[in-house]
Structures are given as structure tokens and as C-alpha cells.
Amino acid sequence: MDKILVTRPSMPPIDEYISEIQELWESRWLTNMGSKHRKLQGKLESYLGVDHIELLVNGHMALELGMQALNLQGEVITTPFTFASTTHAIVRSGLEPVFCDICRDNFTLDADLIEDLITEKTCAILPVHVYGNICKVDKIQKVADKYGLKVIYDAAHAFGERYDEIGIGNFGDISCFSFHATKVYNSIEGGAVSYKSSALGARLRKLKDFGISGPEEVCEVGTNAKMNEFAAAMGICNLRYIDAEVGKRREIDERYRYWLDGIHGIYLSPKNERVKSNYAYFPVVFDKEKFGCNRDEIYNELKKNGVFARKYFYPATNTLECFHGKYDKVKLPVALEISQKVLTLPLYADLPLTDVDRICSVILQCRKGE
Ligand SMILES: *Cc1c(COP(=O)(O)O)cnc(C)c1O
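Since the model is a prediction, treat every value here as computed from it, not as a measurement. (Residues numbered from 1 in each chain as written. Predicted model: local features only at pLDDT ≥ 70, side-chain atom pairs only at ≥ 80, totals over all residues. Heavy atoms only, no water.)

### Thoughts on the site of the ligand
Rule in force here: Residues are counted as near a molecule or strand when any one of their heavy atoms sits within 4 Å of it. Counting of polar contacts relies on pairs of N or O atoms within 3.5 Å, with two restrictions inside protein: one atom must be capable of donating a hydrogen and the other of accepting it, and residues adjacent in sequence are counted only when both atoms are side-chain atoms. For accessible areas, the Shrake-Rupley method is used with a probe of radius 1.4 Å. Any residue's cover is judged against the shown protein chains and nothing else. Counting from the N terminus, the helices are DSSP H or I runs at least four residues long and the strands are E runs at least two residues long. Amino acids outside the nonpolar list (Ala, Val, Leu, Ile, Met, Phe, Trp, Tyr, Cys, Pro) and the charged list (Asp, Glu, Lys, Arg) are all regarded as polar, and Gly is one of them.
Close to the ligand lie 14 residues; Gly 59, Asp 154, His 157, Ser 178 and Lys 183 are nearest. Side-chain polar atom of Asp 154 to a nitrogen atom of the ligand: 2.7 Å apart, as the coordinates give it. The side chain of Lys 183 places a nitrogen or oxygen atom 3.1 Å from an oxygen atom of the ligand. Notes on the ligand: free accessible area 380 Å², of which the protein chains cover 92%. Looking at the shell around the ligand, the elements that each hand over two or more residues are α4 (59-69) and α5 (84-92). For the shell around the ligand, the residue count by class is 2 nonpolar, 10 polar and 2 charged.

### Comments concerning a nonpolar patch on the surface
Our working rule: Patch definition: residues with relative accessible area over 30% and no salt bridge; like charges joined within 9 Å; nonpolar side chains (Val, Leu, Ile, Met, Phe, Trp, Tyr) joined within 5 Å. We define a salt bridge as a side-chain nitrogen of Lys or Arg found within 4 Å of a carboxyl oxygen belonging to Asp or Glu. Exposure is judged per residue with a 1.4 Å probe applied to protein chains only, and the accessible area is read against the type maximum: over 50% gives exposed, under 20% gives buried, and values in between give partly exposed.
There is a patch of nonpolar side chains on the surface, built from Phe 210, Ile 212 and Val 218 and spanning about 270 Å² of accessible area. Inspection of the secondary structure assignment puts Phe 210 in the loop between α8 (198-207) and β10 (212-214). Of the residues examined, Phe 210 reaches a relative accessible area of 41% and is grouped as partly exposed.

### Section: the sheet that holds strand β5 (residues 150-154)
For sheets, the rule is that strands pair by backbone hydrogen bonds, running either parallel or antiparallel. The condition is simple: Any two strands are treated as partners once DSSP identifies two or more bridges connecting them. Fitting a line to C-alpha atoms yields each axis, with helices limited to the stretch in contact; the angle taken between N-to-C directions then spans 0 to 180 degrees. By definition in these notes, contact holds between two residues if any of their heavy atoms fall within 4.5 Å.
Pairing within the open sheet is mixed, and its 7 strands lie in the order β1-β9-β8-β5-β4-β2-β3. The open sheet has two edge strands with one neighbour each: β1 (52-56) and β3 (96-99). For this sheet, the mean inter-axis angle between neighbouring strands, taken without regard to orientation, is 25°. Judged from the 4 bridges that link them, strand β2 (residues 75-78) and β3 form a sheet pairing that is parallel. Bridge pairing in β3 places Ile 77 opposite Val 98. Packing against the sheet, α4 makes contact with β1, β4 (122-126), β5, β8 (174-178) and β9 (191-195), and its axis sits at approximately 160° to β8. In this fold α8 packs onto β1, β8 and β9, with an angle of close to 155° to the strand it touches most, β9.

### Details of the state of the cysteines
Formally: Any two cysteine sulfur atoms within 2.5 Å of one another count as a disulfide.
Under the criterion given, the structure shown has 0 disulfides. Cysteine Cys 176 remains unbridged, with the sulfur of Cys 135 as its closest cysteine sulfur at 12 Å. A residue is classified by how much of its surface remains accessible, and Cys 176, at 1% relative accessible area, is buried.

### Points about the sheet that holds strand β14 (residues 282-286)
Reading across from one edge, β12-β14-β15 is the order of the 3 strands in this open sheet, with antiparallel pairing throughout. The sheet is open, and its two edges are formed by β12 (266-267) and β15 (342-345), each paired on a single side. One ladder, built from 2 bridges, connects β12 with β14; its direction is antiparallel. The partner of Tyr 267 across the bridge, within β14, is Val 285. Against the sheet, helix α12 (residues 295-304) engages β14 and β15, with an angle of about 25° to β15.

### A short note on the packing of α12 against helix α14 (residues 353-365)
Threshold: The cut-offs work like this: below 35 degrees is roughly parallel, past 145 is roughly antiparallel, 65 to 115 is roughly perpendicular, and the gaps in between are oblique. Note: crossing handedness is left-handed where the near helix turns anticlockwise from the far helix by less than a right angle, and right-handed where it turns clockwise.
Running from N to C, α12 and α14 cross one another at 135°; their axes reach a closest spacing of 10 Å. Here α12 is positioned oblique relative to α14, judged by the angle of their axes. Our pair here, α12 against α14, has a crossing hand that is right-handed. Along the contact surface, α12 presents Ile 298, Glu 301 and Leu 302, while α14 presents Ile 359, Val 362 and Ile 363. Looking at the contact of α12 with α14 residue by residue, the class counts come to 5 nonpolar, no polar and 1 charged.

### Quick look at unusual backbone geometry
The omega torsion across Tyr 312 and Phe 313 is 5°, close enough to zero to call that bond cis. The topology assignment puts Phe 313 in the loop between α12 and α13 (333-341). With an omega of -5°, the peptide bond running from Tyr 314 to Pro 315 counts as cis. You can see Pro 315 is positioned in the loop between α12 and α13.

### Structural notes on the pattern of salt bridges
All told, the structure shown has 27 salt bridges when counted by the stated rule. Taking the shortest distance from any N to any O, the salt bridge between Glu 16 and Arg 240 comes out at 2.8 Å. With Glu 16 in helix α1 (residues 14-21) and Arg 240 in the loop between α9 (229-239) and α10 (242-260), this residue pair connects regions lying 224 residues apart in the sequence. Ionic pairing is found between Arg 274 and Asp 164, a salt bridge with its closest N-O pair at 2.7 Å. Of the two residues, Arg 274 sits in the loop between β12 and β13 (275-276) while Asp 164 sits in the loop between β6 (162-163) and β7 (166-167), which places them 110 residues apart along the sequence. The class for Arg 274 is partly exposed, based on a relative accessible area of 40%. Where salt bridges share partners, they join Glu 16, Glu 20, Glu 23, Lys 36, Lys 39 and Arg 240 into one cluster.

### Considerations on the packing of aromatic side chains
Condition: Within 6.5 Å between ring centres, the rings of Phe, Tyr and Trp (the latter by its six-membered ring) count as paired, and their orientation is classed by plane angle as stacked under 30 degrees, edge-to-face over 60, tilted in between. Placement of a charge over a ring requires the Lys NZ or Arg CZ to be within 6 Å of the ring centre, with the centre-to-atom vector within 35 degrees of the ring normal.
Counted by the stated rule, this structure contains 20 aromatic pairs. Between the aromatic rings of Tyr 163 and Phe 171, the centroid separation amounts to 5.8 Å while the plane-to-plane angle is 75°, which identifies the pairing as edge-to-face. Measuring from ring centre to ring centre gives 5.1 Å for Tyr 312 and Phe 313, while their planes differ by 25°; the resulting arrangement is stacked. Judged by its relative accessible area of 21%, Tyr 312 falls in the partly exposed class. Ring pairs connect the aromatic residues Phe 81, Phe 107, Tyr 131, Tyr 267, Tyr 281, Tyr 312 and Phe 313, which therefore count as one cluster. Residue placement shows Arg 295 over the ring face of Tyr 314; its charged tip is 4.8 Å from the ring centre. A cation sits over an aromatic face here: Lys 311 above Tyr 299, 4.5 Å from the ring centre.

Purely geometric numbers; function is a separate question.
This is how it looks when you write it as C-alpha cells:
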């Protein structure tokens, strides 16, 4: 029996990649904003439907540089229900994460709880479009405007998504995308910040290249977060197939819903009519009382059958070992509960539907009682 992993990177036909990188052997321009970098930047701005993006080495540095470019200081209100990167980026930037609980319906930051967490030190809100589920962007912006806060979206899961037909990167002050190998769209490793003000663009370009502003001029303490030409070439090739890949993901999503939707003790986040989805992940919440079996038991049963689901996102980031004694006492009942009950099932464009059937049959066989 073949192993089924939770994800599998998309790759273009190898000939296409070779032809895309061929000219690099003549130009010897391997990084530092060369022709592939410029080409990908333009193509992505148009695909994402945003005015500007800045390409970066990965999604994590998009978060760190985004916060630096906005000159943030103090406290950042954020979600604990995310990948470690989101919280690490805040802490590594010398900022204080203030954790806000999540909504039960789509697992994003609960906008109704933000106001109670605002202090005079609050400078920004950093929500995550987790699993590609879109945050309550209108409510969040309202609170941000009322208190003069910046909004940075972690859009690592939301590549290519649209909300009311508007590219998701247009919400907030900036949005940070990840093009990591395991994401819906990849440039091997890579990321981008989308932004509106051209002043931010100039700042991001300096920050990602050591703060260099001229041949003999370094005006600030930047870092090295440039996307290289080989990564950009991979991004160019993968972008040609993105719509087909998302289409295949949609079929897989539908097949999972066919088997699992409406089952007693299983909760699936509902489809949102206003969102053009990328079908990035398929999270399932199991309620032991009703289903008869808990998340960990189902995880182990799948594993015995060669299916490697992931407990995304467990543990909640405020309880990560590295934050022991710091943030783990914050009361976040919904995030805690969901993180203990959720399982993310395998989902990638080339996953055969017959594998989806097999995964669901293992899950449904775990069901007890009723
Ligand atoms: C993947 C991911 C990141 C980090 O992106 P990298 O490109 O891997 O650095 C940040 N936030 C979330 C929610 C992610 O899933």
C-alpha cells in the first residue's frame, strides 16, 4: 500500500523549467532582482489582482519585513491558531504578541474580541486567513480604523483567493504570501508582500537587500531576503498551471464533502459564497461525544492505513514549548478546543479521488455508537 502524505509539491514538466533557466547560464545573473524576478513579480501582481508585490525568499521573511517596514512597536493582536511562523515573526521583531481567540465557524481571529485586548501599546492586528478561510476583513478594518492600528494579514494559505471578487492581498495595510513547496503555489521556497503605498515598496526593497540604497550607501539595518532567479523561474512555470491545479483541488474538496458532510460528530468549515477559494487544506473537526472516537484515535487509525494526516494546528502557538510560562496561561477556549479536535486530511492536486474514498472509509469505520 502506498503512503499518502498530507501534501505533495506541484512541479512543472522538467523541460519547461530547463528552458526557463537556460539563459541564466549566459547571463550569470543568479539573484539580486534579475530578469526572472522581474517577470514573476509582474505576473503575480496581475494573478493576485493587487497593485504591488515585493518578492522575497520565503513567507516568514514577508511577515518580518512587513512589520519592520510599517515601523511597528509594542503589542500586536494575533491568533494562536496558526503555524509557528506567524507568532515567531512577531516575537523576533521585538514585538509582544497578544493572543485573541478564534471564531468557531471558520477558525479565523474573532473580530468581536479584538477591542477588549487593545491597550495604549497596541500597534497592529495580525490575523491569518487560516486554511484559506477568509478573515472577517470588514469588521477587522473597522476596529483598526477606530483605533488607528495597522493590519497585516498572514495570507500564506490564501494564494490567489478573492473576496467579493477583490484579490485577497488588497485587504489591510499589507498581506504576506508564502510560496513554500508545500503550499498551493510554490517557487520551491519563496514569498511576497502585497502593499498599496509606493513608500512601503521602496522600504521593502531596501530591507530585503541589507538596507543598501546606493553603491556606497547603506541607510538602514536590513537583512538578506531576496528571491533568487532559480526560485523565480520555478514560480513562473508553476503559475502556468495554477488554475488547473486549483480545479483538481476543488474536485478533491467536493469528494471529501460528499463523504463527510452531515456526519454526526464531524464539523467542516462551510463554503463561503463570497470567496473564490484555492482549496488549500481540508480540516475536519471531530467531536468524540458524537462521533465516538477522538482526533488522535482517528489520526492513528489513518496512520496504520498508510495515510499521514496532520494535526494542523496543534498545539496552539501560545502553548508552544518555546513560550512556556509566557503566553500559555492566556484563556483561549475555542482555539484550544479546535486545536485538540482538528485533523487536516491529505489534499494536493494529484491526489487520486479513489484515495480520498479510501481515506474517508477509514475515518467512517472509526465511527461508534449513534
Ligand atoms: C507556511 C506558513 C508561513 C511561512 O511561510 P514560509 O514560506 O514557509 O516561510 C507563515 N504562516 C503560515 C500560516 C504558514 O502556513
